[in-house]
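Report on the structure
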Amino acid sequence: MESLPNGTATTTLATPATPKAPAPAPPSSRLVHLAESLKLEHQFLRVPFEHYKKTIRTNNRVVEKEVSAVISVVSEAADSDLSNDDAVRHLTSLVSRLQGLKRKLEEGSRTENLQAQRCRARLDHLESADAENLSDWNNMRLKRILVDYMLRLSYYDTAAKLAESSNIQDLVDIDVFQEAKKVIDALQNKEVAPALVWCADNKSRLKKSKSKFEFQLRLQDFIELVRAENNLRAITYARKHLAPWGATHMKELQRVMATLAFRSNTECTTYKVLFEPKQWDVLVEQFKQEFCKLYGMTLEPLLNIYLQAGLSALKTPYCYEDDCTKEDPLSQDSFRKLALPLPYSKQHHSKLVCYITKELMDTENPPQVLPNGYVYSAKALQEMAKKNNNKITCPRSGFVCNYSELVKAYIS
């Protein structure tokens, strides 16, 4: 009991100290690496979602068209004086049409459910990634990237077999690329009809992105009519399909219309190029770009992007020298071509790696210089000297010297 200055008293009670919550453990490097990896999966989720939305829009258009037609037929029948037999025929026709609509709705519903399940499967796949199964998860991602690469290069059967053998059908976009395959095959066969149908199905989105692809298709269709010397039909075609583009693409339109006078056998370079077969290849490449933009895909294959990310850290001027070590990926022509548009790696401090042991040379394992100018780590040269009676043989040039002839180098 302790008296207070004003004469009152209070009892001091001992209260237990509140235990402090343990500080959260800093994230491990594996978790940080996983978090960074997941940031690269935008396309993985975007593509099936865009495909799902497109299917819903298509199904809605079909329903609206069929329902409008049925309502129109019913209105006409109600306003006209039909006999009993005619009324029965009209009703039978309507019932048949509505049954067809029902089948389309059921088929569309199944397709929507499958695509919704695919979106769900991809979300589950991303959520399943953790530090414990990171190796397996990365292995599956590598297979996804390889399938994407094969699909972009038109190896559809090989891509399908890899997806099936790895059980990743829901994690890859084979059906999306199969849709593109139909258009690409048609363009390679010099047919524009499937591509024009694709443009019509995606008209609003292509217009929003200010795409010129449909216009280019119409121009090529016109050129083929001129090539066949069907000028009257070409003029009619231009009035119907090219004239609406005149306000925004007048110069290109005028150039193409001039082919009516120059014909397909012209030697004038300005117009001769329009009749060259490579114009179809240009259309194929343009379609691929528009297709990728529509589905939110990268224009480059994912495999190229990942490889370039790694090569950007390795690219130095030395990589393009004739004596570049074979262990360097950039010693290979295919990797050099892939790294061509990349800037050189910015390295503030040089790192020397021993050619023999592949270990870093530093103050603990300093570099040593042979009389012929080649440099290796002290650890490698000491082991070589012990095994060869103090003799050192350069593994790259075959030069032989005594261990005592080596000179120590210093790293600044």
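Described below are features of the structure shown in this document. Nothing here was measured: the structure is a model prediction, and the numbers come from that model.

What counts and how
- By convention here, each chain's residues receive numbers from 1 onward along its written sequence.
- Since the coordinates come from a predicted model, pLDDT governs what is reported: local features require at least 70, and pairs of side-chain atoms require 80 or more to be given and counted, while whole-chain, interface and lining totals use all residues.
- Note that water and hydrogens are dropped before the side-chain values are worked out from all heavy atoms of the structure.
- Only DSSP runs of H or I with at least four residues qualify as helices, and only runs of E with at least two residues qualify as strands; both kinds are numbered from the N terminus onward.
- Here the term buried applies to any residue with accessible area under 20% of the maximum for its type, exposed to any over 50%, and partly exposed to those in between, with areas from a 1.4 Å probe on protein chains only.
- It only takes one pair of heavy atoms within 4.5 Å for two residues to be counted as in contact.
- The pairing criterion is simple: DSSP has to find at least two bridges between the two strands.
- Comment: axis = line fitted to C-alpha atoms, over the contacting stretch for helices; angle = value between 0 and 180 degrees taken between N-to-C directions.
- Here, nonpolar core refers to any group of buried Ala, Val, Leu, Ile, Met, Phe, Trp, Tyr and Cys residues whose side-chain atoms link them within 4.5 Å.
- Aromatic rings from Phe, Tyr and Trp, taking only the six-membered ring of Trp, are treated as a pair when their centres fall within 6.5 Å; an angle between ring planes under 30 degrees marks them as stacked, one over 60 as edge-to-face, and anything in between as tilted.
- Two conditions define a charge located above a ring, namely a distance within 6 Å from the ring centre to NZ of Lys or CZ of Arg, and an angle within 35 degrees of the ring normal.
- Under this scheme an angle from 65 to 115 degrees is roughly perpendicular, one under 35 degrees roughly parallel, and one over 145 degrees roughly antiparallel; angles in between are oblique.
- Each crossing gets its hand from how the near helix is turned against the far one by less than a right angle, where anticlockwise is left-handed and clockwise is right-handed.
- Basically, the charged four are Asp, Glu, Lys and Arg, the nonpolar ten are Ala, Val, Leu, Ile, Met, Phe, Trp, Tyr, Cys and Pro, and anything else, Gly included, counts as polar.
- The salt bridge definition used is simple: a Lys or Arg side-chain nitrogen within 4 Å of an Asp or Glu carboxyl oxygen.
- Throughout this description, a polar contact denotes any pair of N or O atoms lying within 3.5 Å of each other; where both atoms belong to protein, one of them has to be capable of donating a hydrogen while the other can accept it, and for residues adjacent in sequence the pair is counted only when both atoms sit in side chains.

1. Focus on the overall build of the protein chain
- Along the protein chain, the regular secondary structure elements total 17 helices and nine strands.
- Split into buried and exposed, the 412 residues of the protein chain put 33% on the buried side.
- Expressed as a percentage of contacts within the protein chain between residues at least 6 apart in sequence, the contacts between residues at least 24 apart total 58%.

2. Some thoughts on the sheet that holds strand β5 (residues 367-369)
- The sheet built from three strands is open, its strands ordered β6-β5-β9 with antiparallel pairing. Among the strands making up the open sheet, the edge pair consists of β6 (375-377) and β9 (407-408).
- Alignment of β5 against β9, held across two bridges, turns out to be antiparallel. Residue pairing across strands places Gln 368 opposite Lys 408, the latter belonging to β9.
- Packed onto the sheet, helix α17 (residues 378-387) meets β5 and β6 and runs at close to 85 degrees relative to β6.

3. Here we look at the nonpolar core
- Counting residues in hydrophobic clusters, the biggest one holds 38 residues, and the most contacted among them are Leu 187, Trp 198, Phe 213, Leu 217, Phe 287, Phe 291 and Met 297.
- Listing elements by their share of this core, those giving two or more residues are α2 (42-79), α4 (134-152), α5 (156-166), α6 (174-188), α7 (193-201), α9 (213-227) and α14 (278-295).
- If sequence neighbours within four positions are ignored, Phe 287 has contacts with Ala 180, Val 183, Ile 184, Leu 187, Trp 198 and Phe 213.
- Membership of the second largest hydrophobic core comes to 18 residues, among which are Phe 222, Trp 245, Leu 253 and Phe 275.

4. Concerning the packing of aromatic side chains
- Counting across every chain of the model gives 10 aromatic pairs.
- Relative to Tyr 376, the ring of Tyr 355 lies with its centre 6.5 Å away and its plane at 65 degrees, an arrangement referred to as edge-to-face. Within this pair, whereas Tyr 355 is found in the loop between β3 (352-353) and β4 (360-361), its partner Tyr 376 is found in strand β6, the two being separated by 21 residues in sequence.
- Its end group placed over the ring of Phe 44, Arg 144 keeps NZ or CZ at 4.1 Å from the ring centre.
- We note Arg 396 situated over the ring of Tyr 355; from NZ or CZ to the ring centre the distance is 4.5 Å.

5. Observations regarding the packing of α6 against α14
- Their axes nearest at 9 Å, the elements α6 and α14 cross at an angle of 160 degrees. On the basis of their axis angle, the class for α6 and α14 is roughly antiparallel. α14 is crossed by α6, and the crossing has right-handed handedness. Residues Val 176, Glu 179, Ala 180, Val 183, Ile 184, Leu 187 and Gln 188 of α6 lie in contact with α14, whose contacting residues are Trp 280, Leu 283, Val 284, Phe 287, Lys 288, Phe 291 and Tyr 295.
- Classifying every residue of the contact of α6 with α14 by side-chain character gives 11 nonpolar, one polar and two charged.

6. Some points on the environment of Ala 121
- Note that Ala 121 resides in helix α3 (residues 84-127).
- Looking at Ala 121, the relative accessible area reads 23%, which means it is partly exposed.

7. Some thoughts on the pattern of salt bridges
- Inspection of the entire model under this criterion finds 22 salt bridges.
- Salt-bridge contacts for Arg 122 lead to Asp 173; the nearest nitrogen and oxygen are separated by 2.7 Å. Of this pair, Arg 122 sits in helix α3 while Asp 173 sits in the loop between α5 and α6, and the two are 51 residues apart along the sequence.
- Given a relative accessible area of 1%, Arg 122 falls into the buried group.
- Judged by relative accessible area, Asp 173 falls into the buried class, the value being 9%.
- Residues Arg 152 and Asp 148 are paired through a salt bridge, measuring 3.0 Å at the closest nitrogen-oxygen approach. Linking Arg 152 with Asp 148, this pair stays in helix α4, spanning four residues, or about one helical turn. Assigned by exposure class, Arg 152 and Asp 148 land together as buried.
- Counted as one network, the salt bridges with shared partners bring together Arg 46, Glu 50, Lys 53 and Arg 205.

8. Brief notes about the side chain of Asn 59
- With respect to the secondary-structure elements, Asn 59 resides in helix α2.
- Residue classification places Asn 59 among the buried positions, given a relative accessible area of 18%.
- Here Gly 108 takes part through its backbone oxygen, which lies 3.4 Å from a polar atom of the side chain of Asn 59.
- Sequence-distant contacts of Asn 59, defined by excluding residues within four places in its chain, comprise Gly 108 and Glu 112.

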